[in-house]
Amino acid sequence: MSSTPRRPTPTLADATRGRVLFGGDYNPEQWPEETWHEDVRLMRDAGVNSVTLGVFSWARIEPRPGERRFGWLDSLMDLMHEGGIGVVLATPTASPPPWLGRLYPETLPRDEDGRTEWWGGRQHFSHSSAAYRRHAAAVTEDLAARYASHPALTMWHINNEYCTHDWGDEAAARFRTWLRGRYGDLDALNTAWGTAFWSQGYGDWEEVLPPRRTHYLKNPTQVLDFKRFTSDMLLECYAAERDIVRRHTPHLPVTTNFMPLWAGQDAWRWAEEEDVVSVDLYPDPRDPFAAQHAALVQDMTRSQARGPWMLMEQAAGAVNWRGVNHPKPQGLNRLWSFQAVARGADAVCYFQWRQSRQGAEKFHSGMVGHAGERGRTFQEVKRIGAELAAVGAEVAGRHSPADVAVLHDWHSWWAGAHEGRLSTRVDHADVLTAWHRALWQAGLATDFAHPEHDLSAYRMVVVPQLYALTDTAIDNLLAHVRGGGVLVSGFLTGVADQDDRVRAGGMDARLRELFGIRTLHEWWPLEAGETVRTDDFTGTLWSEEIEETEDASVEAAYRGGELDGRPAVLRNGRAWYLSTLPEPEALRRVLTGIAAEAGVRPVLDGLPGQVEAVRRGELLFVLNHGREPVTVEVPGTHHDLLTRATVTDRLTLERYGVAVLRP
Ligand code: GAL
């Protein structure tokens, strides 16, 4: 991937300048100019110091092919600057204007059945279309040239939530080129894809297609490669625009916003191409596990960023894309904003500044809701803005430490999701969530890592499930244990290689040896509601008929049924293997025990279930996710940066309350 040489690399710190950024997507083209002035007044009132402009402005900037209308944006950039508000300027390429689809129908994506995705919504672009790429580059070039030296500009935001697919003809041609790059020749492709099965051997590159509609199960490696290809094509689109803006402003950071735990992008790979990693996060206020879901996404984003990151979008109140959409009760917006900051966010931003009155998202909340300035939502936004301004200098840039790494990899997720797997009940994201939740409930600070990353900083490495592993990743896991680290793995790990070829023996031999598994006889997936008993806990979802080696110790064995006496939890020195998914409380207990042995302690001991403690730098964030006030032990004397009170040993938090304690 080409990238313009530049040094030093800009980072989020170049935009934050020691503050926490606070603001959101600003789509002023929906409003008359008087409203813009009103917006600036309210933004200043709310402590907004950053807005993202232009995300969906292509048709406004280029209403007809080649025309440019920048006057309105000039005024807004100036207005923001006069108001002391920085601008994250977006390339508008996520929603092409209707003329592009009309004049260049090949820019419109096709689904696997060949149906066209038309304009009238958004994100109707084919990542593979040369015409789309050409027009996106042209508008990006002109935008970057026009605003490169504008004093309001602080950062670039490329496109928005890259997530499109295309099974059409131009994508097919690019897929072939991508495959030639990966395999060189058709023999290698036929071998990697296992085309000897079902008479799929390819004799000419023109026969190779994206995995379009088939009569029965598709070739798994073809599907896997198509997912890799799609992630790479979107990344090419991103990098092309990034390189354009970098050429004009080498000193400014560039980002694009991820969706949380989104299956369509290899976010580890993408993060390497960004100066700032940012994410959009919309937990459901009614979900009892919302705080843990948010914590997972925040831990993962921080790990991808390898430091501070940007919460690009959250909702001030309700979203409008769930079946039933609930507002945030008083205090929840503030609590979740501080949860993000505790976990390393140096920017707390929303979609969107002012709630729309027209268009598809008019019932999605805004920082300024339909109720306006006097509305409860805006009043809470103001409070958050003021508090972030007060604590910003003490948190921005600080590190959030963790001794535990949870391993996650998109390629393994993709491979393990094939329709021909043994149990469609096994979903990688669910398993990952169950393990992270257990660690979260145990109060253990966790990072995420890719299985090929350097793991030496972690005492304990946890693999909820890595169905497919490269040889390099396997060597890395072995080295971690050899180097004195603890490794805990869940079931269905190390089954396949990078081509989704099952490894001899059903699980990689070196991993079997590491965990003390002599033979993996059979996999026994469980039906919904079906459980397996062990002498310690109840297992769910999956079980395995494995036989241990002499050196390994069976820490928990199945009791009754076909697997009676077989290992459910197997230990071989510092390596642990769980052949089922223990019910949540048991998984928490098992992981807490292993962590304690590895010398990993909870952030704060003895917290009730609804209270979370997170360290960032020398600060301790204490967050009450419960709807009732709570008093907790916080040994020592602290200064609460929010209340400015001294806290000694005990802290009382209101419902959804937050404390930011400095020793
Ligand atoms: C995000 C998107 C925003 C807005 C928001 C609504 O996915 O980036 O443009 O649509 O969702 O929740």
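(A) Examining the site of the ligand more closely. As a structural note, the neighbourhood of the ligand is formed by Phe 56, Arg 122, Asn 160, Glu 161, Asp 280, Tyr 282, Glu 313, Trp 321, Phe 351, Glu 361 and His 364. Take Glu 313: an N or O atom from its side chain is 2.7 Å from an oxygen atom of the ligand. The separation between an oxygen atom of the ligand and a polar side-chain atom of Trp 321 is 2.8 Å. In the complex, the protein chains occlude 94% of the 310 Å² of accessible area that the ligand would expose alone. In terms of residue class, the shell around the ligand is built from four nonpolar, two polar and five charged.

(B) Fine view of the pairing of strand S23 (residues 619-624). Within S23, six of the six residues are buried, which leaves the element mostly enclosed by the surrounding structure. Residues Leu 619, Phe 621 and Leu 623 of S23 are buried on one face, and the alternating residues Leu 620, Val 622 and Asn 624, pointing to the opposite face, are buried as well. Sheet analysis places strand S22 (residues 611-616) next to S23, joined by six bridges and oriented antiparallel. Looking at S23, one finds that Glu 612 is bridged to Leu 623. Following S22, the chain reverses through two residues before pairing antiparallel with S23; Gly 617 in that reversal takes a positive phi of roughly 60°.

(C) Expanded view of the pattern of salt bridges. Within this structure, the stated rule accounts for 50 salt bridges. A salt bridge links Arg 115 to Asp 113, with the nearest nitrogen and oxygen atoms 3.9 Å apart. A relative accessible area of 36% means that Asp 113 is categorised as partly exposed. Of the charged contacts in the structure, one is a salt bridge between Arg 343 and Asp 299, with a shortest N-O distance of 2.9 Å. With Arg 343 in the loop between helix H12 (332-342) and strand S9 (345-350) and Asp 299 in helix H11 (residues 290-305), this pair connects stretches of sequence that are 44 residues apart. In this structure, Arg 343 and Asp 299 share a single accessibility class: buried. Here the salt bridges do not stand alone but share partners, grouping Asp 111, Glu 112, Asp 113, Arg 115, Arg 213 and Lys 218 into one network.

(D) Spatial organisation of helix H13 (residues 376-395). Over its 20 residues, H13 extends 27 Å from the first C-alpha to the last, a length consistent with the 28 Å expected when each residue adds 1.5 Å. The axis of H13 is deflected most strongly, by about 35°, at Ala 389. Along H13, the residues classified as buried are Phe 378, Glu 380, Val 381, Ile 384, Gly 385, Glu 387, Leu 388, Val 391, Gly 392 and Val 395. Of the surrounding elements, those touching the buried residues of H13 are strand S1 (21-26), helix H2 (33-45), H12, S9, S22 and S23. Gly 397 lies just past H13 and shows a positive phi near 85°.

(E) Spatial organisation of empty space enclosed by the protein. Considering all chains together, one arrives at three cavities of 30 Å³ or more under this definition. Reported here for the largest cavity is a volume of approximately 60 Å³. Along the walls of the largest cavity sit Phe 258, Met 259, Pro 260, Leu 261, Trp 262, Ala 267, Val 279, Val 297, Met 300, Thr 301, Gln 304 and Trp 410, which together make up its complete lining. A per-element tally of the lining of the largest cavity places H11 first, with four residues. Looking at the lining of the largest cavity, its residues break down into ten nonpolar, two polar and no charged.

(F) Fine view of the packing of H2 against helix H4 (residues 71-82). Where H2 meets H4, the closest approach of the two axes is 10 Å, and the angle between their N-to-C directions is 30°. Considering their axes alone, H2 and H4 lie roughly parallel with respect to each other. Along this stretch, H2 crosses H4, giving a crossing that reads as right-handed. For the pair formed by H2 and H4, the contact residues are Trp 36, His 37, Val 40, Met 43 and Arg 44 on the first element and Trp 72, Ser 75, Leu 76, Leu 79, Met 80 and Glu 82 on the second. Class assignment for the residues of the contact of H2 with H4 results in seven nonpolar, two polar and two charged.

(G) Region of the structure containing the sheet that holds strand S25 (residues 646-653). On the basis of which strands lie adjacent, the open sheet formed by five strands has the order S22-S23-S26-S24-S25 and antiparallel pairing. The outermost strands of the open sheet, each flanked by one partner alone, are S22 and S25. Strand-to-strand twist across the sheet, computed as the mean angle between neighbouring axes with direction ignored, equals 25°. Taken strand by strand, H12 contacts S22, S23 and strand S26 (658-662), and its axis lies near 150° from that of S23.

(H) Examining helix H8 (residues 186-193) more closely. The set of residues buried in H8 consists of Leu 186, Leu 189, Asn 190, Ala 192 and Trp 193. Around the axis of H8, the buried residues are gathered within 165° of arc, so they sit on the same side. Turned more than 90 degrees from where H8 packs its buried face, Asp 187 and Thr 191 sit exposed. Of the surrounding secondary structure, the elements contacted by the buried residues of H8 are helix H7 (169-183) and helix H9 (220-248). Capping the start of H8 is the job of one residue whose side-chain oxygen sits 3.3 Å from the backbone nitrogen of Asp 187: Asp 185. The positive-phi residue at the C-terminal boundary of H8 is Gly 194, with phi of around 60°.

(I) Seen up close, the side chain of His 418. With respect to the element layout, His 418 can be found in the loop between helix H14 (410-416) and helix H15 (428-441). By relative accessible area, which is 13% here, His 418 ends up buried. Within polar-contact distance, the side chain of His 418 engages the backbone oxygen of Lys 218 at 2.8 Å. For His 418, the side chain forms a polar contact with the main-chain nitrogen of Gly 420, separated by 2.9 Å. Once residues within four sequence positions are removed from consideration, His 418 is found in contact with Lys 218, Asn 219 and Pro 220.

(J) Molecular detail of the sheet that holds strand S2 (residues 50-53). Sheet architecture is open: nine strands sit in the order S5-S4-S3-S2-S1-S9-S8-S7-S6, paired in parallel fashion. The two strands at the open ends of the sheet, each matched to only one other strand, are strand S5 (254-255) and strand S6 (257-258). Pairing between S6 and strand S7 (residues 278-280): two bridges, direction parallel. Bridging across to S7, Asn 257 finds its partner in Ser 278.

(K) Looking closely at the domain arrangement of the chain. Domain annotation of the chain identifies domain 1 (20-169 + 219-395), domain 2 (404-597) and domain 3 (611-662). The C-alpha-based centres of domain 2 and domain 3 are spaced at 35 Å.

What counts, and where the lines are drawn
- Residues numbered from 1 in each chain as written.
- Predicted model: local features only at pLDDT ≥ 70, side-chain atom pairs only at ≥ 80, totals over all residues.
- Heavy atoms only, no water.
- Near = heavy atom within 4 Å.
- Polar contact = N/O pair within 3.5 Å; in protein donor to acceptor, adjacent residues only side chain to side chain.
- Areas by Shrake-Rupley, 256 points an atom, 1.4 Å probe, with all protein chains shown as cover.
- Nonpolar A, V, L, I, M, F, W, Y, C, P; charged D, E, K, R; others polar.
- Buried < 20%, exposed > 50% of the residue type's maximum accessible area, 1.4 Å probe, protein only.
- Helix = DSSP H or I, 4+ residues; strand = E, 2+ residues; numbered from the N terminus.
- Pairing = 2+ DSSP bridges.
- Salt bridge = Lys/Arg side-chain N within 4 Å of Asp/Glu carboxyl O.
- Expected span 1.5 Å × (residues − 1).
- Bend = angle between axes of the 7 residues up to and from the residue.
- Contact = heavy atoms within 4.5 Å.
- 1 Å grid on protein atoms, 1.4 Å probe; cavity = no way out; pocket = protein on both sides within 12 Å on 5 of 7 lines; lining within 4 Å.
- Points joined across faces, edges and corners; volume = space filled by probe spheres on them.
- Axes fitted to C-alpha atoms, helices over the stretch in contact; angles between N-to-C directions.
- Parallel < 35°, antiparallel > 145°, perpendicular 65-115°, else oblique.
- Left-handed = near helix turned anticlockwise from the far one by under 90°.
- Arc of directions from axis to C-beta.
- Domains from an automatic or database assignment.

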